[in-house]
Every structure is written in C-alpha cells, then in structure tokens.
Amino acid sequence: MAYSFPVEVLEHIFSFIDSDNDRNAVSLVCKSWYEIERWCRRKIFIGNCYAVTPRIMIRRFPELRSVSLKGKPHFADFNLVPEGWGGYVDPWVLAMGRAYPFLEELRLKRMVVSDEALEMVSKSFKNFKVLVLSSCEGFTTDGLASIAANCRNLRELDLRESDVEDLGGNWLSCFPESCTSLVSLNISCLGSDWSLQSLSALERLVGRSPNLRRLRLNRAVPLDKLANLLRRAPQLVELGTGTFSSELRPDVFSNLSGAFSGCKELKALSGFWDAVPSHLPAVYTICSGLTSLNLSDANIQSSDLVKLISECQNLQRLWVFDYIEDSGLEALAESCKNLQELRVFPSDPYAMEPNVTLTEQGLVAVSEGCPKLESVLYFCRQFTNNALFTIAKNRPNLTRFRLCIIEPRTPDYITLEPLDAGFGAIVQNCKELRRLSLSGLLTDRVFEHIGTHAKKLEMLSIAFAGDSDLGLYHVLSGCKSLRKLEIRDCPFGDKALLANAAKLETMRSLWMSSCLVSFEACKLLGQKMPRLNVEVIDERGPPDSRPESYPVEKLYIYRSVAGPRLDMPAFVWTMDEELALRLS
Amino acid sequence: MSTRGVEAEIITELRLGLPGNSSSGEKNEKKKKRVFDEMVNDEGNSSCSGNERKNENTEKMNKAQVVGWPPVCSYRKKLIQRDNTMYVKISMDGAPFLRKIDLGNHKGYPELALAFEKLFDCHGIREALKDADNSEYIPIYEDKDGDWMLVGDVPWE
C-alpha cells in the first residue's frame, strides 16, 4: 500500500514486539511487512530442530541474536528414545558460526552437543552471553573449559539436568580473572567429586562476579564451603546448595546461618543433597522471602519438611518428594496460600508396596487450601474419581495437570471403576488446561471427554490407556489446540491415524510407542503427507523384514519443511516416496 | 453432526470387543493384540533384581521393570538410588586433608582411579593401577583387618 510508514518507523515499532506469535502474525500482513520483520527479528524458538534446516533459518532471518532449539522428543527423558537417534547441534553451530557473528544466546534442550561444537561457539561469537544446555549430552568438561576461556562477556552458563562427562582438569579456573560478567551459573548436574583447586576456583569466580544472581552448585561443594560462597555473593536471588550434610558442629551451623541471613534477596532455594534435618534451620531467616523451594534432591522426612515449609508463607512453587505425605500436604495447604505450582516426586518408584502415606487426600487438600494452584505434577499409588471431581471443582484455574498413578491401569480403588469420569471432570471444569498427563485405568470414554472439552489443550501424554482406535480418534479430531501428543502402550492403530492425517500437520509432533500402528500404515502416511516426517524407530531390524501388518516398535511423526533428515542411525527409517518405491 | 457420522463409520469398521475376543477380526490383528498383551500384562516375578530392561518382547518381563515407567527423568533416577552410599576415606601422602568418596558412585577400578586423580589433582594413578611394576607409586588400601592391600585384586563387586 502506498500509505505505509517508512521502513525505519515500522522497524522501530516492530522492535517492541517480542512474542513469537505476534511476530509471526506481523509477518503475514503483507509482503513488505514480512520483509521488514524478517530483517529485524532477533530471537527465534525452534521447537523441533528437524522441522527446519539451519540454511532455511538463516535465509529467512539473517540477523538473529538469540536461538533456541529442541531436539529429542520428550519421552527421551524416560529412556524411550534409543541412543544415537539424533538431535545433533553441530551442523547448527557450524552454520550459525558463519552467518551470525553477533549471536549472543543459545538455548538447547535434549540435544547432543559435542566439545567441538562448544569450542566453535566460544570462538565464533565475539559477544556471546548466554548458554543454556537443558537435558543435553555428548560433551565433557573440556568443552566447558573452552566456553569459560573464550567467552569474554559470558552472562549465563546453565547446564540444567545435562549429562556431562567430568574429565577433571579444573575447567572453572579457565574463566580469566578479567571475567566479571556472570549473572547466572548452574552446574548442579556436575559430579560429586571435586578437587580443592576446583573449589577454590569456584570461590574466586563467585567473588569477582558482582552481578551474580543465580547460582546452583553441584553435590561436590561441601557444606562448609557454602557459607564462604554466600558471603561473597549476598546479592543472590536463586541458590542451589551443594551437599547439605556434614558433621554437626555448632560453629559450622552458626556460620552458615549467618551467611544465609546476609542474603536478603533470596527468592529460590534448591539443592539440599543428603540434607541432615538438624542443619535445615540455618535457612529459616530467609524462608519468608522464598517463592520457590525445590527439595526434590533431598531425603528429608515429613515432619522436618513441614517445619521448613511452614516458615515459607510466600511460597509459589514447591517441588518435593512424597516423603511429605498427606499430612505434610495438609500443612502446606494451611501455610502457603500463594502456592501456584506443586510437584511431588516418588522416592521409591519401583517398590511394590507404598513406602509413604501419600494418597489422593494430599492433593485434594492442596486443591482446597491453595486458591492459586494452577500447575500440578503428582506421583502416587491410588486415586478415586471422587477425588478428581473435587479437585476439578476446587481448581477450575488449573493449566497443567499431570497425575501419575504408579501402577499402570489402576482403577478407582474404592469403586474399582475406570477413572474416565474423574479426568472428564478435570477437562470439563478446567477450561484453560494446556497440559495433561493421564494414568490409571482408562477406557475410550476418557478420550471422548477430552476431545469434547479440552479445547485449549496443547500437550497430552497417554500411557496404558484406551480400548481401541476410537480413543485416538476422539483426541485427534476434537482437541483443536493440540501441539504435542505422546502415547505409549495403548491399543491405538492405523485407522484413527490415517483418518486424521491432516491434523498431524497442525501439530509439532506425535510419538507412539508399543502401540498397534502397522508398518503399512506408516508407509501410507509418509507417502500421502510429504510435509510430515514419519519416522519408524525399530531396533528389531528393518521393518520390511516382517509382515507389513506388524506393528512398529516406535513411531515419531513431525511436521517439517526440511524434508527427511540425513543423519538417521540404522534403526530409524523415514517413510517417504523414495522409501516406498525402494521397498515395493 | 458430521462428527457423529464419521464416528458411526469408525464403529462399523472397528472391532469394539474386549481384548482377546476372537470375532471377524483378521488373524493378524489378533496376533497384534497378543503381542501387546504379553508386553504389558505379564505377571513376571516381583523381585527387583531382574535386569531385562531393554528387551520388550521377553516373556518374563517384571512389571516393575517396564522401560521408562514410571515416568521419572533419568536425571532424577540417578538421585533416587542414593541409598547405596558407601563413603570411604582417602588420604594421599603430603596432602593436608583427607577426602571422602562414595564407592557406590563408581562402576569399577579405572573410574575410581580417575576420581582419585580429580580429588587430588594429580596424575599417574590410573597408570599405576594398570601397570604396577613400571610406575613409581601404587594405590593401596587398608582393609578391615588393618592390613595394607594392593588395589585391584578383589573384584569390584
């Protein structure tokens, strides 16, 4: 249109637009807006690294400063994705090293990262500031040493839950003395044996980082070092302690207590490995300011947990082991009226009998007492439809509800019925629900409820549920907002999948393992839908060595503009035209 | 309205019987169901010592050993197994402090030697372990009888 603003004005206006969705909308208005927008986009999030190629990204967005990539599907967290499946960041780093000399931020999740890639990152981007490696693997402390040594302006180094091979070598001392820019350091996933030299390198680093706000230590950092670190960083907002046990000496305790009381800005606490209950009061002075408490690495029992939690009146987030028990959750419901997120993890997930008294009662109590509760992850061994009705009625504001009843196919323990009605109540009442994980005994009926009511649901996880294809059909045809669907051990097969093939292009991905989808259906889907990558993952050997009607072991379907990937291991096949021709 | 029509279509195409019901379903479908049932419903033994985690088609699959269930992150699983802690004291001549190490965290002598090297920031322990005759130092430990023993004779387990 002839009446549009000059490019510079539009660019300036667009610079205030941050969210990806808004940016995407802007780029669809007209060709000139598309052009202007793509030149001034600075941040991109790619939810599936195989949906697009580095070349396509660079071609469209030549001036990015921040790139986020996710690799393996979520079920990789539970060892369902075989080693070597993919998710390599190296080709991305190689391409970005050439195209984006001004890149500042790289955030990766579930990707395989090599030391070479880390070295390349450290040398290619002069103004590199933020490296977040979440649940990544494939690198060692040598790679970290390159980052430490070469990134002059590093602000964030966050290795959360990554699998890092510790080769010793004291990589922390590779941070030059001139590096004072650190704001966030998360090394909690690193090993538990460190030399004294590494510990003192850490102390010096913390001491010369006046902007350090987030520090998460690993288990190797002993309790008697913690006080020193805290005194050097009283401005901390988030702290993950190292090991929280030592011989109980009054001077260690009072030193620690004093150090904690000096940290007046602390809002989040985690760590507490091997925590000895008698040491916990050392943190009491800062508890009233805490909004986030993560005790899921600590073996603390119910009564000590309750004492600690009751000091934290302003808690918004609590992660804890099921040692808290129903009684502890009732106390939580009394003390913490601002609670928004609760995660209860199983202390002994493989035990046949429950080792603690944690039942549906605990969650019901929290749903009653905490009006702002919106996010739940709860592992337990029994549940009832009534409890689910109550929770749904109490908390229509739930946005994330993940319930894991440990034994597959467990019915309502009082009525012995499936939990269809209970979960049905959840999806019906909680209209803003975006994420749901199901468990217990479930028939196709629960999927009918989900398809009918869960209109804002974006991610659904299903295991050991359903009776037939009808279940899958309800989900695929009903859940308008569905982006990620992951299914294991359900009797879902070809028909529902083929009848809803078009739906799959509106989603990021679908994972199905130990289901009943035949190789034949996979081939058909791959042929009919060129913009889907249909990956068959089967460690039993080539799928054409078995009858076509046999179910495949695992199936991963995702939309992509990149075409089939070229880095697949021997046990992954992409179903496409070529393959179909080759096998026919 | 149109959904119901398609739904009706689906119903006529699918078998909605209980699993295991033989009807007009093809032989292959039945076979699929059986394999599936075997994979998941097997009674198996209740002991947790079974190590058949990877092989989903084994008959004797322990219920508690279903791969990836319950859905606890592998990162978190490592932490849960901490009850096997076996802390032992390590001293190195010339070092001012002793250190403690958790034997449960290591899977064998070479890993242990690496851990020693990291703790004391020194090299040569791994070589000493491999080839005792040619190196200057040897790693030794004091057993419960108070005798000094050469590291490596007793099998790791």
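Parameters and conventions
- Residues numbered from 1 in each chain as written.
- Chains lettered and ligands numbered in written order.
- Predicted model: local features only at pLDDT ≥ 70, side-chain atom pairs only at ≥ 80, totals over all residues.
- Heavy atoms only, no water.
- UniProt positions renumbered as here; feature names shortened; annotations may be inferred.
- Helix = DSSP H or I, 4+ residues; strand = E, 2+ residues; numbered from the N terminus.
- Buried < 20%, exposed > 50% of the residue type's maximum accessible area, 1.4 Å probe, protein only.
- Contact = heavy atoms within 4.5 Å.
- Areas by Shrake-Rupley, 256 points an atom, 1.4 Å probe, with all protein chains shown as cover.
- Core = buried A, V, L, I, M, F, W, Y, C linked by side-chain atoms within 4.5 Å.
- Disulfide = S-S within 2.5 Å.
- Salt bridge = Lys/Arg side-chain N within 4 Å of Asp/Glu carboxyl O.
- Arc of directions from axis to C-beta.
- Phe/Tyr/Trp six-rings, centres within 6.5 Å; stacked < 30°, edge-to-face > 60°.
- pLDDT = per-residue confidence, 0-100.
- Axes fitted to C-alpha atoms, helices over the stretch in contact; angles between N-to-C directions.
- Parallel < 35°, antiparallel > 145°, perpendicular 65-115°, else oblique.
- Lys, Arg positive; Asp, Glu negative; His and termini not counted.
- Polar contact = N/O pair within 3.5 Å; in protein donor to acceptor, adjacent residues only side chain to side chain.
- Pairing = 2+ DSSP bridges.
- Right-handed = clockwise from strand over helix to strand, strands pointing away.

Identification of chain B as Auxin-responsive protein from Dillenia turbinata is taken from an unreviewed UniProt entry. Heading Sequence similarities (unreviewed entry) of the UniProt record for chain B holds this comment: "Belongs to the Aux/IAA family." Per UniProt, chain B carries the Function (unreviewed entry) text "Aux/IAA proteins are short-lived transcriptional factors that function as repressors of early auxin response genes at low auxin concentrations."

The name an unreviewed UniProt entry gives chain A is COI1, F-box, with Dillenia turbinata as the organism. The heading Pathway (unreviewed entry) in the UniProt record of chain A holds the text "Protein modification; protein ubiquitination." Per its UniProt entry, chain A bears the Subcellular location (unreviewed entry) comment "Nucleus".

### Focus: the overall build of chain B
Summing up its helical and strand segments, chain B has five helices and four strands in all. The helix and strand sequence of chain B, counted from the amino end, reads α-α-α-β-β-α-α-β-β. Out of the 157 residues belonging to chain B, those deemed buried represent 29%. Within chain B, residue pairs in contact and separated by at least 24 positions form 14% of the contacts whose partners lie at least 6 positions apart. About 11100 Å² of surface is accessible on chain B, with carbon and sulfur atoms providing 51% of the total.

### Points about unusual backbone geometry
Cis peptide bonds are those with omega within 30 degrees of zero, and the linkage from Trp69 of chain B to Pro70 of chain B qualifies with -5 degrees. Secondary-structure assignment places Pro70 of chain B in the loop between helix H2 (27-41) and helix H3 (74-80). In the Ramachandran plot, Asn79 of chain A falls in the positive-phi region, its phi being about 65 degrees despite a non-glycine side chain. Relative to the helices and strands, Asn79 of chain A resides in the loop between strand S2 (66-70) and helix H5 (90-99). With relative accessibility at 37%, the residue Asn79 of chain A sits in the partly exposed group.

### Quick look at the nonpolar core
Formed by 197 residues in total, the largest nonpolar core has its most connected members in Leu293, Phe401, Ile450, Leu485 and Leu497 of chain A. Sequence-distant contacts of Leu293 of chain A, defined by excluding residues within four places in its chain, comprise Leu269, Phe272, Leu308, Ile309, Cys312, Leu315, Arg317, Leu318 and Trp319 of chain A. Among the nonpolar cores identified, the runner-up in size contains seven residues, and Ile90, Tyr109, Leu112 and Leu119 of chain B belong to it.

### Observations regarding the state of the cysteines
The full count for this structure, using the stated rule, is zero disulfides over all chains. No disulfide involves Cys73 of chain B; its sulfur sits 12 Å from that of Cys404 of chain A, the nearest cysteine.

### Some thoughts on the pattern of salt bridges
Residues and elements named next belong to chain A. According to the stated counting rule, one finds 30 salt bridges over all chains in the structure shown. Residue Arg110 pairs with Asp77 through a salt bridge whose shortest N-O separation is 2.9 Å. Highlighted residues: Arg110 in the loop between strand S3 (105-109) and helix H6 (115-124) and Asp77 in the loop between S2 and H5, separated in sequence by 33 residues. Take Arg110 and Asp77: they sit in the same class, and that class is buried. Lys523 is the salt-bridge partner of Glu548, the closest N and O atoms lying 2.3 Å from each other. Highlighted residues: Glu548 in the loop between strand S21 (532-537) and strand S22 (554-559) and Lys523 in helix H21 (residues 519-528), separated in sequence by 25 residues. Given a relative accessible area of 15%, Lys523 falls into the buried group. Overlapping salt bridges, with partners in common, bring together Asp538, Arg540, Arg546 and Glu553 in one network.

### Topic: helix H12 (residues 302-309) of chain A
Residue and element names in this part refer to chain A. Within H12 the residues assigned to the buried category are Ser302, Asp304, Leu305, Leu308 and Ile309. Projected down its long axis, H12 shows its buried positions confined to an angular sector of 165 degrees, all on one face. Buried residues along H12 sit against helix H11 (284-287), strand S12 (292-294), strand S13 (317-321) and helix H13 (325-335).

### Re the side chain of Ser146 of chain A
By the element assignment, Ser146 of chain A lies in helix H7 (residues 141-150). Ignoring any residue separated from it by four or fewer positions in sequence, one finds Ser146 of chain A in contact with Glu119, Ser122 and Cys151 of chain A.

### Topic: the environment of Pro54 of chain A
Residue and element names in this part refer to chain A. Relative to the elements of secondary structure, Pro54 occurs in helix H4 (residues 54-60). As a C-alpha pair, Pro54 and Val93 span 39 residues in sequence and 8.8 Å in three-dimensional space. Setting aside its immediate chain neighbours within four residues, Pro54 contacts Pro91, Trp92 and Ala95.

### A few points about the environment of Ser245 of chain A
Residue and element names in this part refer to chain A. Mapped onto the elements of the fold, Ser245 is located in the loop between strand S10 (238-240) and helix H10 (250-261). Take Ser245: its relative accessible area is 27%, and that puts it in the partly exposed class. Sequence separation of Ser245 and Ala275 is 30 residues, and the distance between their C-alpha atoms is 5.3 Å. Filtering out sequence-adjacent residues up to four positions away, Ser245 remains in contact with Leu223, Trp273, Asp274, Val276 and His279.

### Some words on the packing of aromatic side chains
All names here are of chain A. Under the counting rule described, the total for this entry stands at 17 aromatic pairs over all chains. Where Phe321 meets Tyr323, the ring centres are 5.7 Å apart and the plane angle is 65 degrees; that geometry is what we call edge-to-face. By the burial criterion, Phe321 is buried, and Tyr323 matches it. Put simply, the rings of Tyr50, Phe75, Phe78, Trp85, Trp511, Tyr556 and Tyr558 pair up and form one aromatic cluster.

### Section: the confidence of the model for chain B
Residue and element names in this part refer to chain B. Averaged over every residue, the pLDDT of chain B is 58; the share at 70 or more is 32%. Mean pLDDT in chain B bottoms out at H2, which sits at 40, and peaks at strand S4 (residues 148-150), which reaches 79. Per-residue pLDDT stays below 50 along residues 1-64; that stretch engages in 70 contacts with residues further than four places along the chain or on separate chains. On the interface metric, ipTM, the complex scores 0.87, and its pTM is 0.82.

### Focus: the UniProt feature "domain: F-box" (unreviewed entry) in chain A
Residues annotated in UniProt with the feature "domain: F-box" (unreviewed entry) correspond here to residues 5-46 of chain A. Regarding residues 5-46 of chain A, the helix share stands at 62% and the strand share at 10%, and the terminal C-alpha atoms are separated by 31 Å.

### Observations concerning the packing of H6 of chain A against H7 of chain A
Residues and elements named next belong to chain A. In contact at an axis separation of 8 Å, H6 and H7 are set at 5 degrees when each is read in the N-to-C sense. With respect to H7, the axis of H6 lies roughly parallel. Facing H6, whose interface residues are Asp115, Leu118, Glu119, Val121, Ser122 and Lys123, H7 presents Asp142, Gly143, Leu144, Ser146, Ile147 and Asn150.

### Examining the side chain of Arg508 of chain A
Residue and element names in this part refer to chain A. Secondary-structure assignment places Arg508 in the loop between helix H20 (501-504) and strand S20 (509-513). Buried Arg508, no salt bridge; nearest opposite-charge side chain is Glu458, N-O distance 7.9 Å. Looking at Arg508, its side chain comes within polar contact range of the main-chain oxygen of Gly47, at 3.5 Å.

### Here we look at the pairing of strand S1 (residues 43-46) of chain A
Residues and elements named next belong to chain A. Going residue by residue along S1, you find Ile44 and Ile46 tucked away on one face and Lys43 and Phe45 left uncovered on the opposite face. With four bridges joining them, S1 and S2 adopt parallel strand pairing. Each bridged residue has a counterpart across the sheet, and for Phe45 the counterpart in S2 is Ser68. Following the backbone out of S1, through H4 and into the adjacent parallel S2, one traces a crossover that is right-handed.

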